[in-house]
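Reading the structure
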Amino acid sequence: MMPFLAGAQPVPDLGPEVDPPSAEDFNPLPEDLPESGGQVVVEETDPEEETSRLDQLFDDLARSDESSDTERAAREIQMIWMESGSDTVDILMSRAGKAIQADDHALALDLLDVVVVLKPSFAEGWNRRATVHYMREDFGKSLVDIERTLALEPRHWGALSGLAIIQRRLGFDDDALVTFKRALEVNPGLENAVEAIEDLEKKAEGAPA
């Protein structure tokens, strides 16, 4: 368990002056897999081959100097993350994604609750549910799901960014800075992390953020 997550509850009241959470904070979320004839198209892959492919893509992502190469590697990683290996789970994820886009958070949670029960080893299910909890301002539950995501995939930059955003919103600036830097190490193309790091470092130095 990450130290911040272990002591994250109870979550303090942020007060009326704090802007409500938005899905934009966590963007980009992995896109849904394409559907064909009502069925989700999932390519069968060997787990060992998939792990090897992910490792190579993460290596490409960290080493790339070109934004186009960074975006390509990130996109491929996200597509692999979205493949649960279960047609049922993939359909539920697709429907949950549409519910999130429609701001129907209750429906999205109902669908994602089923996803994490059917496929508890599927990191993206936990990550997507963490995002919905965040949008509902239920930061405690969001942190729990982020912890599950990172336990399954420590390189999940979306979950790391989400953790850093919550840490920052709750006033744990030092923790947020460390987490944002970790996310940027994994994916150098995260512009929101770059901006957040700059702001937090200025704040730490006493300059206006």
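Please refer to the structure higher up on the page.
Keep in mind that what you see is a predicted model, and the values were worked out from it rather than measured.

The next point concerns the overall build of the chain. The helix and strand tally for the chain stands at 10 helices and 2 strands. Along the chain, helices (α) and strands (β) appear in the sequence α-β-β-α-α-α-α-α-α-α-α-α when read from the amino end. The buried share of the chain, taken over its 209 residues, is 45%. If you take every contact in the chain between residues at least 6 apart in sequence, the share linking residues at least 24 apart comes to 61%. A total accessible area of about 11100 Å² is found for the chain, and carbon and sulfur atoms account for 48% of it.

With that out of the way, let us pick up helix H10 (residues 191-204). Look at H10: 20 Å from first C-alpha to last across 14 residues, which is about the 20 Å you get at 1.5 Å a residue. Here H10 has its buried residues at Ala193, Ala196, Ile197 and Leu200. Seen end-on, H10 carries its buried residues on one side only, within an arc spanning 105°. Where H10 is buried, its residues contact helix H8 (157-169) and helix H9 (173-186).

Turning to the packing of helix H5 (residues 105-118) against helix H6 (residues 123-135), a few remarks are in order. Two elements in contact, H5 and H6, have axes whose closest approach is 9 Å; the angle formed by their N-to-C orientations is 150°. In terms of orientation, H5 lies roughly antiparallel with respect to H6. With respect to the hand of their crossing, H5 and H6 are arranged in left-handed fashion. Seen from H5, the contacting residues are His105, Ala108, Leu109, Leu112, Asp113, Val115 and Val116; seen from H6, they are Gly125, Trp126, Arg128, Arg129, Val132, His133 and Met135. Within the contact of H5 with H6, the residues separate by chemical class into 8 nonpolar, 3 polar and 3 charged.

What counts and how
Residues numbered from 1 in each chain as written. Predicted model: local features only at pLDDT ≥ 70, side-chain atom pairs only at ≥ 80, totals over all residues. Heavy atoms only, no water. Helix = DSSP H or I, 4+ residues; strand = E, 2+ residues; numbered from the N terminus. Buried < 20%, exposed > 50% of the residue type's maximum accessible area, 1.4 Å probe, protein only. Contact = heavy atoms within 4.5 Å. Areas by Shrake-Rupley, 256 points an atom, 1.4 Å probe, with all protein chains shown as cover. Expected span 1.5 Å × (residues − 1). Arc of directions from axis to C-beta. Axes fitted to C-alpha atoms, helices over the stretch in contact; angles between N-to-C directions. Parallel < 35°, antiparallel > 145°, perpendicular 65-115°, else oblique. Left-handed = near helix turned anticlockwise from the far one by under 90°. Nonpolar A, V, L, I, M, F, W, Y, C, P; charged D, E, K, R; others polar.

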